[in-house]
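# Remarks on the overall topology
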Amino acid sequence: MKLKKLNSPFFILYFLLFIGLLSCKKETNITPKPKNDTEYNHYFSLAEKYFENQKNDSAFYYYNKIKSTSDVSTDNEKIIYSLLKMAIIQQNEGDYSSSETTATEILPLFRKDTNPAYKCAIYNLLGINYKNLYDYDNAIYYYNQAYNQADNALQKVVLKNNIAVVYMDKEDYQRAIQILLPLTLNKQIPNGSENNARALDNLGYCYFKIGDSKSLDYLNQSLKIRKQIKDDFGIMASYIHFSEFYKDRKPNESNSYARLAYEKATGINNINNRLKSLALLIENSIGNESKKFSVLHLRINDSINKVRQKAKNQFAKMKYDSKKEKEENLKLKAQKAENALQLEQQKNRNQLLYFAVGIIILISIFISNFLVAKNKREKIKTSYNTEIRIAKKLHDELANDVYHTMAFAETQDLSNSQNKEKLLTNLDTIYSRTRNISKENSTIETGSLFISNLKDMMSGFNNSEVNILTNGIDTINWATLENNKKITVYRVLQELLVNMKKHSQCSLVILTFKKNENKLQIDYTDNGVGAAFDEKKSKNGLQNVENRIQAIKGTTTFDTKSNKGFKVSFIFPI
């Protein structure tokens, strides 16, 4: 069996470095500053207590709790520290791969203002992990990175020794000697005796591996110093190196040193070095004794593998559960944010709706007031026009007749029956005209009497000179026609007949009524003198006819030529 050599007390070196980082000058302290955060302080206190008492599972749980409940944008330092401690715990349990994964999570968190002590500790941790995973090139790289961040002599000496150990593992002993030899000459470093003994022991081992006779002197110097300062871990390492040194030269002494190393490793509960010591005892023993050591080696190795696998699974489960819990929390936060956004959007939509409804109401009120005002103005205008028309009729027609009748009565002998009859006829004519003026401007009946009133109005224009004919008036279901449309028909026909009486000089008027699907068409035709359309509109007020028909969404068509009569047709929906 090829023995894996022990080049230095590696884990103790790491803790010396870490303790140095925590306990050296004030500005390199990497313990997070206390926060005014009750939850964080509680988790941090428990994690540190369990870590100090080597209750790694509980410590890992609370460090992971700090990490998962911290915000990377504001709690960068807390997250780095927690991940560092979690990686150390995994490394202590021998799970170097998981420790490397945890430590690698820290690298993206580094910023320009990150404390160099954090960087130094984490790079050193990665160097240890890669060294134990036999990735020596990465181990050297990260030790050098740590060395570049180191800011005191103790850190630099420890890291130089770590780099030398990797070269020893690579069996590049000459390169390791180049690094170690200056360390044995530096007497000014902190913990000088301990570090000097470590460098001497590793240097002596390198000389042993290349066959240099100086090796035994360096190994003895190192053991002497370690016994003086009572460095049990260092003494154990020296015993293992002496056992290897004497293995081929003096097997009995090799066996004795291996036993001493096993006793020391057992006393300080160092499992890895117990296994190394047992491996040397197996090589240097024969018969039942060798078998006994082999069985013991297998039992311890199986036990430590089970413990490490259990811890690995446990830590992996803690991280998985924490990640799952964080994802669920993030999902709940996202859902809560989405719900809040939806509520805000709904609120905005409601406000917009209220605003729109308010605008519509204001516009409706404005339009309503506008229409009411317009209708009022139109009524006033209509009343004014009606008054003018009545005044004109009274002046042009009725007043003249009254004046002539009064003159006739004053100048003629009323005892004469013929004069008396003529006077009565004139008075009857005045009465008829007065009644017609009243009918023209009175309220229009739109109920059951509408059609009879309409016929009476039209027949009122019949006389000895003008004959008015109607066609199809009784085929229309006037009861289904809206009241405003009935009034419009009445006024339009009245307007046309008044216009006819004044200007047409016709003898025949034909009014035709017909229903065309859902529309009513009325045609007016006379055989009068006719006129140009523009002239008619301006002189005879036919513009009123067109305006009335347009008001009920109808259309008007005029067909008039001089001396060829007058025609107009209007159509509107019913």
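Computed from a prediction, not measured in an experiment: that's the story for all the values here.

The rules behind each value
- Sequence order as written defines residue numbering, which begins from 1 separately in each chain.
- For a predicted model such as this one, the threshold for reporting local features is a pLDDT of at least 70, and the threshold for listing and counting side-chain atom pairs is 80 or more; totals across whole chains, interfaces and linings nevertheless cover every residue.
- Hydrogens and water molecules were not included; the side-chain quantities draw on all heavy atoms of the structure.
- Each helix corresponds to a stretch of at least 4 residues labelled H or I by DSSP, and each strand to a stretch of at least 2 residues labelled E; elements are numbered beginning at the N terminus.
- Categorising residues by exposure relies on relative accessible area from a 1.4 Å probe, with only protein chains included: less than 20% of the type maximum marks a residue as buried, more than 50% marks it as exposed, and the intermediate range marks it as partly exposed.
- The rule is short: rings of Phe, Tyr and Trp, with Trp giving its six-membered ring, pair when the centres are within 6.5 Å, and they are stacked under 30 degrees, edge-to-face over 60, tilted in between.
- Think of it as a cone above the ring: NZ of Lys or CZ of Arg counts as a charge over the ring if it is within 6 Å of the ring centre and within 35 degrees of the ring normal.
- Here, any two strands with at least 2 DSSP bridges between them count as paired.
- Here an axis means a line fitted to C-alpha atoms, over the contact stretch when the element is a helix, while the angle between two N-to-C directions is reported on a 0 to 180 degree scale.
- Throughout, a contact is declared for two residues whenever any of their heavy atoms are within 4.5 Å.
- Under the convention used throughout, the expected extent of a helix is 1.5 Å for every residue step, that is, one less than its residue count.
- An angle below 35 degrees is treated as roughly parallel, one above 145 as roughly antiparallel, one from 65 to 115 as roughly perpendicular, and anything else as oblique.
- Two helices that cross are described as forming a left-handed crossing if the nearer one is turned anticlockwise from the farther one by less than a right angle, and a right-handed crossing if clockwise.
- Definition used for salt bridges: Asp or Glu carboxyl oxygen within 4 Å of a side-chain nitrogen of Lys or Arg.
- Crossovers are described as right-handed under a simple rule: with the strands pointing away from the observer, the path leading from the first strand over the helix to the second runs clockwise.
- Confidence of the predictor in every single residue is expressed as pLDDT, which spans 0 to 100.
- Only Asp, Glu, Lys and Arg are considered charged in this grouping, and only Ala, Val, Leu, Ile, Met, Phe, Trp, Tyr, Cys and Pro are considered nonpolar; every other residue, Gly among them, is considered polar.

## As for the overall build of the protein chain
When helices and strands are tallied, the protein chain shows 20 helices and five strands. Taken across its 574 residues, the protein chain has 43% of its residues classed as buried.

## Re the environment of S45
In this structure, S45 sits in helix α2 (residues 38–52). Note on S45: relative accessible area 45%, which makes it partly exposed. On a C-alpha basis, the gap between S45 and Y63 in space is 10.0 Å, while along the polypeptide they are 18 residues apart.

## A short note on the packing of aromatic side chains
Pairs of aromatic rings are described using the distance from one ring centre to the other and the angle between the two planes. Counted by the stated rule, this structure contains 24 aromatic pairs. Residues Y63 and Y81 carry aromatic rings whose centres are separated by 6.4 Å and whose planes lie at 70° to one another, so their mutual orientation is edge-to-face. With Y63 in helix α3 (residues 56–68) and Y81 in helix α4 (residues 76–92), the pair connects residues that are 18 residues apart, well separated along the chain. Across the pair, Y81 and Y63 agree in class, each one buried. Pairwise contacts between aromatic rings join Y205, F208, Y239, F242, F245, Y246 and Y257 into one cluster. Above the plane of the ring of Y50 lies K49, whose end atom (NZ or CZ) is 5.1 Å from the centre. We note R249 situated over the ring of F245; from NZ or CZ to the ring centre the distance is 4.2 Å.

## Looking at the environment of G472
Structurally, the position occupied by G472 is in the loop between β1 (467–471) and α18 (483–504). Residues G472 and T512, spaced 40 residues apart in sequence, show a C-alpha to C-alpha distance of 6.1 Å.

## A few points about the sheet that holds β1
Strands sit in the order β1-β2-β3-β5-β4 across an open sheet of five strands; the sheet is mixed. What marks the edges here is a single partner per strand, and that holds for β1 and β4 (555–560). Adjacent strand axes in the sheet meet at a mean angle of 10° when their direction is disregarded. Relative to strand β5 (residues 566–573), β4 is paired through six bridges, and the arrangement is antiparallel. Each residue of the ladder has a partner; that of T560, found in β5, is F566. Each of β4 and β5 touches helix α20 (residues 542–551); the most contacted strand, β4, lies at about 150° to it.

## Focus on helix α14 (residues 271–284)
Here α14 spans 20 Å end to end across 14 residues, near enough to the 20 Å set by a 1.5 Å rise per residue. Burial analysis of α14 places 11 of its 14 residues in the buried class, the great majority of the element. Residues of α14 that are buried: N273, R274, L275, K276, S277, L278, A279, L280, L281, I282 and N284.

## A look at α4
In this model α4 runs 25 Å from its N-terminal to its C-terminal C-alpha over 17 residues, within 8% of the 24 Å that 1.5 Å per residue would give. Here α4 lies mainly inside the structure; 15 of its 17 residues are buried. Backbone geometry just downstream of α4 places G94 in the positive-phi region, at approximately 85°.

## Some points on the side chain of T556
Note on placement: T556 falls in strand β4. Here T556 is in contact with V545, E546, I549, V568, S569 and F570, once residues within four sequence places are set aside.

## With respect to the packing of α2 against α3
Where α2 meets α3, the axes come as close as 8 Å, and the angle between the chain directions of the two elements is 150°. Taken as axis vectors, α2 and α3 run roughly antiparallel relative to one another. In this structure, α2 crosses over α3, and the sense of that crossing is left-handed. Residue-level inspection shows Y40, Y43, F44, L46, A47, E48, Y50 and F51 of α2 in contact with α3, the latter providing S58, A59, Y62, Y63, K65 and I66.

## What about the pattern of salt bridges?
For the structure shown, the criterion picks out 14 salt bridges. Between E105 and K67 there is a salt bridge, and its shortest N-O distance comes to 3.6 Å. With E105 in the loop between α5 (96–104) and α6 (116–132) and K67 in helix α3, the pair connects residues that are 38 residues apart, well separated along the chain. K67 gets classed as partly exposed once you look at its relative accessible area, which sits at 23%. Close ionic contact of K131 with D169 constitutes a salt bridge, the shortest N to O distance being 3.1 Å. Highlighted residues: K131 in helix α6 and D169 in helix α8 (residues 153–169), separated in sequence by 38 residues.

## Some details on the pairing of strand β2 (residues 508–516)
Here β1 pairs with β2 via five bridges, running parallel. Each residue of the ladder has a partner; that of N467, found in β2, is L508. The parallel pair β1 and β2, bridged by α18, forms a crossover whose chirality is left-handed. In the sheet, β2 pairs with strand β3 (residues 519–526) via eight bridges, with the strands oriented antiparallel. Note on β3: the bridge partner recorded for K515 is L520. A loop of two residues connects β2 with β3, the two strands running antiparallel in sequence, and E517 in this loop sits at a positive phi of about 55°.

## Observations concerning the confidence of the model for the protein chain
When pLDDT is averaged along the protein chain, the result is 81; 80% of the residues meet or exceed 70. By mean pLDDT, helix α1 (residues 10–23) is the weakest element of the protein chain at 40, and helix α7 (residues 136–149) is the strongest at 94.

## As for unusual backbone geometry
Notably, Y134 is not glycine yet its phi reads approximately 65°, a positive angle. With respect to the element layout, Y134 can be found in the loop between α6 and α7. A positive phi angle, near 55°, is found at K230, a position not held by glycine. Position of K230 among the secondary structure elements: in the loop between α11 (215–229) and α12 (232–246).

## Considerations on the packing of α12 against helix α13 (residues 251–267)
The packing of two helices is summarised by the inter-axis angle and the distance between the axes. For the pair α12 and α13, the least separation of the axes is 8 Å and the interaxial angle reads 160°. Between α12 and α13, the angle falls in the class roughly antiparallel. Of the two elements, α12 crosses α13, and the hand of that crossing is left-handed. In this structure, α12 uses D232, I235, M236, Y239, I240, F242, S243 and Y246 to contact α13, whose residues at the interface are P251, E253, S254, Y257, A258, L260, A261, K264 and A265. Along the lines of polarity and charge, the residues of the contact of α12 with α13 split into 12 nonpolar, two polar and three charged.

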